[in-house]
Each structure stands twice: as C-alpha cells, then as structure tokens.
Amino acid sequence: DKPETKERNSILYELLQIGKVGLICICNSRYFLLSSDERVQSRLFPRQISFEPYTVDELVAILKQRAELALINGSWNVKTPETISKLAQGDARIAIQTLRNSAEIAESSRAEIISKEHILKAWNSIKDLRKKYLLEDLTWHHRALYNLIKERPGISSKHLWEAYLKVCNLEKKKPIATRTFSAYLARLKEIKLITSEGVEKRGRIFRIL
C-alpha cells in the first residue's frame, strides 16, 4: 500500500502476468484491495493473513525484557510494564518509547523508582509521536483526509469529499474512488486517529482524536 494506486495496479498486473510466481503482498491494511482495478482483482485471489496488534500481555513481556536489560534493578516494578502496555494500544514502538521517557523523567526528578505519574507524563508527551508513526504507515490519501479533518473539525462527509478533491487537484494526485474514500475513513477510525458521529441534516461529521 505504499505506491500510488495506479503504480500499484501496474506492478501487480505485470507480476501476475509472469506465471508460476507467488506474490507476498505486505500492507498496513486490507483496504488496498478495494482500490485495485478489476484486472488485478480477477487474477490475485489473495489468501489473507492478519497480523493483529500486540495484546497487553505480549507488550508486558516485551517491556519486561527491555527493562531488565536497560534499567537499574529496583527502578521499576511489575506495575510499570502493565501500566504502559494498557496505554500503548497494541503499538510496541510507542510502548518502548514511553518506557524510555518514563525512566528519563524519573531520573531527572531524582526519583528512585518509576511511578505512575512519570508514566502518564511520558505518555502525554508521546501521544503526538503515536499519530506520527501511524500516519507515516498510511498512504498520501489517508494523510490528506486526516489533515483536512484536523483543519476543519466537524466537517461533514460531503464537504470532506469536496475538499479532498480540491487537494488532489492542487497536488496533481488521482483521487481515490468514493467506496475507497469510505474505506479510508473507516481505517482512520479503526486505528483511532479520527472519530465520527451522525448529525441531523449533515450526515456524518468527523473530528480527530
């Protein structure tokens, strides 16, 4: 899902023409299939394997290992990785960075142990980094939609579509189809970057989280 739609369709179509070639397509979401043209979809027939976000228990195990290697004995307790893992929402990068920031905050305040207050302070400083990581993993079109919602909180789906078309025209990008537009918004909601609600006479409106 990194190449633009037209380029991706061309790449997949040419590879599928070779014959006796198995393709492993790695992407951040299933939505790239929706934007594939019919020539590709009729030949691809993918078997989908989902890699779900880390569970809290899995993140706890990762953070315990990192803490044992990097931190001084006694500077953290069993609650430290548990608290961070619940905040990280399945993202190991964010969990590890929060652990590091928590330790640095505790050290700068000359505390002997990482407290919940240190963790929350670290988390508040890193929430924007989580958004940055998530947006970097998405396509230009996802980011364009997110930025439009950020600039115009409470924008309706109709006005969002119109604003998106204007941005595509300015940036000389080919717009995605309307069904893909809906799928991309669903993806932004799924990873908790935006929220939406129904409003009388305006349909759905969108805001960032």
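Calculation criteria
- All residue numbers here refer to positions counted from 1 along the written sequence of the relevant chain.
- Local features are withheld for residues below a pLDDT of 70 in this predicted model, meaning they are given only at 70 or higher, and side-chain atom pairs are given and counted only at 80 or more; totals for whole chains, interfaces and linings count all residues.
- For the side-chain quantities, the full set of heavy atoms in the structure was used; hydrogens and water were omitted.
- For our purposes a nonpolar core is just a set of buried Ala, Val, Leu, Ile, Met, Phe, Trp, Tyr and Cys residues, chained together by side-chain atoms within 4.5 Å.
- Categorising residues by exposure relies on relative accessible area from a 1.4 Å probe, with only protein chains included: less than 20% of the type maximum marks a residue as buried, more than 50% marks it as exposed, and the intermediate range marks it as partly exposed.
- By the criteria applied, helices consist of DSSP H or I runs no shorter than four residues and strands consist of E runs no shorter than two, each listed in order from the N terminus.
- Contact definition: two residues touch when any of their heavy atoms are within 4.5 Å.
- Think of it this way: DSSP has to see at least two bridges between two strands before they count as a pair.
- Without a salt bridge and with relative accessible area above 30%, a residue can belong to a patch; like charges are then joined within 9 Å and nonpolar side chains (Val, Leu, Ile, Met, Phe, Trp, Tyr) within 5 Å.
- In this description, accessible areas are obtained by the Shrake-Rupley approach with a 1.4 Å probe, and a residue is regarded as covered only by the protein chains that are shown.
- The term salt bridge refers to a side-chain nitrogen of Lys or Arg lying within 4 Å of a carboxyl oxygen of Asp or Glu.

Draft legend 1. View of the nonpolar core. One finds L145, L160, L185, L188, L193 and I194 to be the most contacted residues of the largest nonpolar core, which totals 23 residues. Put simply, the parts of the chain that give this core at least two residues each are α6 (116–136), α7 (140–151), α8 (157–171) and α9 (178–190). Excluding its chain neighbours within four sequence positions, the residues that come into contact with L160 are L145, L148, I149, I155, F181, L185 and F206. One finds W76, I94, I114 and I126 within the second-largest nonpolar core, a separate group that totals 18 residues.

Draft legend 2. A look at the sheet that holds strand β1 (residues 155–156). Taken together, the three strands give an open sheet; going across it, the order is β1-β3-β2, and neighbouring strands pair in antiparallel fashion. Looking at strand neighbours, the two that pair on one side only are β1 and β2 (194–199), the edges of this open sheet. By the bridge criterion, six bridges tie β2 to strand β3 (residues 203–208) in an arrangement that is antiparallel. For T195, the partnering residue across the bridge sits in β3 and is R207.

Draft legend 3. A nonpolar patch on the surface, seen in detail. A surface patch of nonpolar side chains, amounting to about 330 Å² of accessible area, comprises I11, L15, I18 and V21. When you line up the elements, V21 lands in the loop between α1 (5–18) and α2 (38–44). The exposure class of V21 is partly exposed, given its relative accessible area of 41%.

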